[in-house]
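Chain by chain, the residues:
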Amino acid sequence: MNRRFPAPAATSVLLLALALLGAGCTGGVEGTPGAAGLRDPYFPGLGNGGYDVTHYGLELDVDPAANRLRGTATITARATQDLSAFHLDLAGLDVESATVEGRRASVNRAGKELTIRPGAAVEDRLRKGRTFTTVVRYSGSPQALTDADGGKEGWLRTADGAVALGEPSGSMAWFPGNHHPSDKAAYDIEVTVPEKLTAVSNGELVSRRTTGGRTAYRWRTHEPMASYLATVAVGRFATRESVTPDGIRLFTAVDPESAAASEDVLAGIPAVLKWSAQKFGPYPFTSAGAIVERKGDSAYALETQNRPVFPGPPDTGLVVHELAHQWFGNSVTPATWRDLWLNEGFATYAEWLWAADHDDVPVQESFDEAYEDDANWAFPPADPPGPADLFEPPVYGRSAMVVHRIRLAMDDDAAFFALVKGWTKAHRHGNASTEDFTAYVEQESGQDLTELWDAWLYGESRPPVEG
């Protein structure tokens, strides 16, 4: 561990050690430390126990040319146990100070784990059920992180700035927090950049002010958001704001090199949102849009909340997929990363539904094509072998096949789409597991679907289509 603040003199150390022993090793604060991980099936050290974050207030000053970031994170949380200390996830950046309820707190660091130990003066605010505020000041050169599958996430430098992509754990590369999808929160994100650049984030643009050659953009997300869905994109963007007939505020930001090729597809976002609402239920947020980078700035699209990020001009199918995630993944968020198939299966099925309604490609034809693809049968979608497999074909194609088999089992399209809308309503802005979903489907359909789950969701081999 590297202590971030000066160690006391030898005599003080001895006195402190005796005090810790007298207080049950709690530093004078009653309670126990929160867990340094939530034991996710694929990322056991990700996230932290003992508290639930309700709001992040992030103030970021970004110098893209030097790749420097100076940040202040104000984290409001509710204790879920009596806490003597708690953890935050942060990768790479240097912590300058931390306070809890305005009082200086000690900070220890071990890799990507920060341990925050408040003093006894604030112990009452750390009791179970109480709300407390932590302020962390930090700085450094934010970096890209390498996933288990070799992909890059975190803070990605672009030709004219940077873009932050967080799935599954990259958000810890640019702010400290509880970086597990089960802990969702509201966000205020203020980003200050050189005035010739634009800073785009989630939610709605609250204010924009320029002082001394730098512009501060403040974005607000009222609805709960998992940290992997938070984003910041800095660059030379052409931006456009509008409101859909349903009152959804749209904000698009497009790199000039991608603008012409993106124009028609982005103009279709209101139509995609209206069609999606007919299939999946009311749009769960107050704002939408897109961030389109130039080709090569990132290797993949991501369903960042309200405003998906695209690695160059997208086609309509990709827009349909990422906007479907606003229901499946962003509003109804997986309880653990093992439940990712619920995100990708429904988003892929949305592509099949769109193709059926707009391109005369029957859903069964899309199913048959996926069924014949050997890549979709490498492993069961609800039980990938490891973190390197989370974004492999079975989690997309075979998961969509599971959704279609549910539809076939119900043999009633009206009932099937009522079930889907009921699911997005029941878990709106919450978290849900595979077990929650299978139990819900059986309850709503009135069927025992054990054979379907065993064959299509958990089976190791390709089942016959018949039956």
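Read on for an overview of the structure. (Residues numbered from 1 in each chain as written. Predicted model: local features only at pLDDT ≥ 70, side-chain atom pairs only at ≥ 80, totals over all residues. Heavy atoms only, no water.)

Time to look at the overall build of the protein chain. Secondary structure assignment for the protein chain yields 10 helices and 24 strands. Relative to the 2.2 N^0.38 estimate, which gives 23 Å for 467 residues, the radius of gyration of the protein chain is 23 Å and therefore close to what a compact globule would have. Scored against the burial criterion, the 467 residues of the protein chain give a buried share of 56%. Across the protein chain, the fraction of contacts at a sequence separation of at least 24, relative to all contacts at a separation of at least 6, is 68%. Of the roughly 18700 Å² of accessible surface on the protein chain, 50% is carried by carbon and sulfur atoms. If you average the places of the 41 positive and of the 63 negative side-chain charges in the protein chain, the two averages end up 12 Å apart. (Helix = DSSP H or I, 4+ residues; strand = E, 2+ residues; numbered from the N terminus. Rg over C-alpha atoms; globule rule 2.2 N^0.38 Å. Buried < 20%, exposed > 50% of the residue type's maximum accessible area, 1.4 Å probe, protein only. Contact = heavy atoms within 4.5 Å. Areas by Shrake-Rupley, 256 points an atom, 1.4 Å probe, with all protein chains shown as cover. Lys, Arg positive; Asp, Glu negative; His and termini not counted. Charge placed at Lys NZ, Arg CZ, Asp CG, Glu CD.)

Our focus in this paragraph is the packing of aromatic side chains. This structure, assessed with the given rule, holds 29 aromatic pairs. Relative to Tyr371, the ring of Phe367 has its centre 6.2 Å away and its plane inclined at 15 degrees; by these criteria the two rings are stacked. Separated by 4 residues within a single helix, Phe367 and Tyr371 lie in helix H6 (residues 363–372), roughly one turn from each other. Here the basic side chain of Lys279 rests over the ring of Phe417, its NZ or CZ set 5.1 Å away from the ring centre. Over the face of the ring belonging to Tyr371 we find Arg462, whose NZ or CZ atom lies 5.8 Å from the ring centre. (Phe/Tyr/Trp six-rings, centres within 6.5 Å; stacked < 30°, edge-to-face > 60°. Lys NZ or Arg CZ within 6 Å of the ring centre and 35° of its normal.)

Here we take up helix H10 (residues 450–457). For H10, the set of buried residues is Leu452, Trp453, Trp456 and Leu457. Here the buried residues of H10 occupy an arc of 100 degrees about the axis, which is enough to place them on one side. Taken together, the buried residues of H10 touch helix H5 (340–358), H6, helix H7 (393–410) and helix H9 (434–445). (Arc of directions from axis to C-beta.)

So, on to the pairing of strand E9 (residues 113–117). In regular strands, side chains alternate between the two faces of the sheet. Burial within E9 is extensive, with 4 of its 5 residues counted as buried. In this structure, strand E5 (residues 83–89) lies alongside E9, joined through 4 bridges in antiparallel fashion. Looking at E9, one finds that Leu88 is bridged to Leu114. Taken together, the 5 bridges between strand E8 (residues 106–110) and E9 define a ladder with antiparallel strand orientation. In the sheet register, Val107 faces E9, and the bridge partner there is Ile116. What sits between E8 and E9 in their antiparallel hairpin is a turn of 2 residues, with Gly111 showing a positive phi close to 65 degrees. (Pairing = 2+ DSSP bridges.)

The geometry of H9 relative to H10 is characterised by a closest axis approach of 11 Å and an angle of 140 degrees between their N-to-C directions. Considering the angle they form, H9 stands oblique to H10. In terms of crossing hand, the pair formed by H9 and H10 is right-handed. When H9 is examined against H10, the residues Thr434, Phe437, Thr438, Val441 and Glu442 are found in contact with a partner set consisting of Thr450, Trp453 and Leu457. Across the contact of H9 with H10, the residue classes break down as 4 nonpolar, 3 polar and 1 charged. (Axes fitted to C-alpha atoms, helices over the stretch in contact; angles between N-to-C directions. Parallel < 35°, antiparallel > 145°, perpendicular 65-115°, else oblique. Left-handed = near helix turned anticlockwise from the far one by under 90°. Nonpolar A, V, L, I, M, F, W, Y, C, P; charged D, E, K, R; others polar.)

Moving on, we come to the sheet that holds strand E16 (residues 204–211). Strands belonging to one sheet form pairs held by backbone hydrogen bonds; the direction of such a pair is parallel or antiparallel. Ordered in space as E7-E6-E10-E4-E3-E14-E17-E16, the 8 strands form an open sheet in which the pairing is mixed. One side of each edge strand has no neighbouring strand; the edge strands of this open sheet are strand E7 (103–104) and E16. Both strand E6 (residues 94–100) and E7 contribute to a ladder of 2 bridges, which runs antiparallel. Paired with Thr99 across the strands is Arg104, a residue of E7.

On to the sheet that holds strand E12 (residues 152–157), then. Overall, antiparallel pairing links the 5 strands, which are arranged E11-E12-E13-E18-E15 in an open sheet. Both edges of this open sheet fall to strand E11 (144–146) and strand E15 (198–201), since each of them pairs with a single strand only. Put simply, the sheet's adjacent strands are angled 20 degrees from each other on average, direction ignored. Taken together, the 4 bridges between E15 and strand E18 (residues 232–235) define a ladder with antiparallel strand orientation. Looking at E18, one finds that Thr198 is bridged to Gly235.

What follows deals with the pairing of E12. With 3 bridges connecting them, E11 and E12 associate as antiparallel partners. Within the sheet, the bridge partner assigned to Thr146 lies in E12 and is Lys152. As judged from the 4 bridges shared by E12 and strand E13 (residues 162–165), these two strands associate in the antiparallel manner. In the strand pairing of E13, Gly154 is matched with Leu165. Counted between consecutive antiparallel strands, the loop separating E12 from E13 contains 4 residues.

Our next topic: H6. Residues of H6 that are buried include every one of Val363, Ser366, Phe367, Ala370 and Tyr371, and no others. Each buried residue of H6 lies within a common arc of 140 degrees when the element is viewed along its axis, so the set occupies one face. Pointing more than 90 degrees away from the buried face of H6 are the exposed residues Glu369 and Glu372. Its buried side turned inward, H6 meets H5, H7 and H10.

Here we come to unusual backbone geometry. Glu167 connects to Pro168 through a cis peptide bond whose omega is 5 degrees. Considering the arrangement of structural elements, one finds Pro168 in the loop between E13 and strand E14 (185–194). Backbone geometry at Arg39 places phi at a positive 60 degrees, although glycine is not the residue there. For Asn67, which is not a glycine, the phi torsion comes out positive at approximately 50 degrees.

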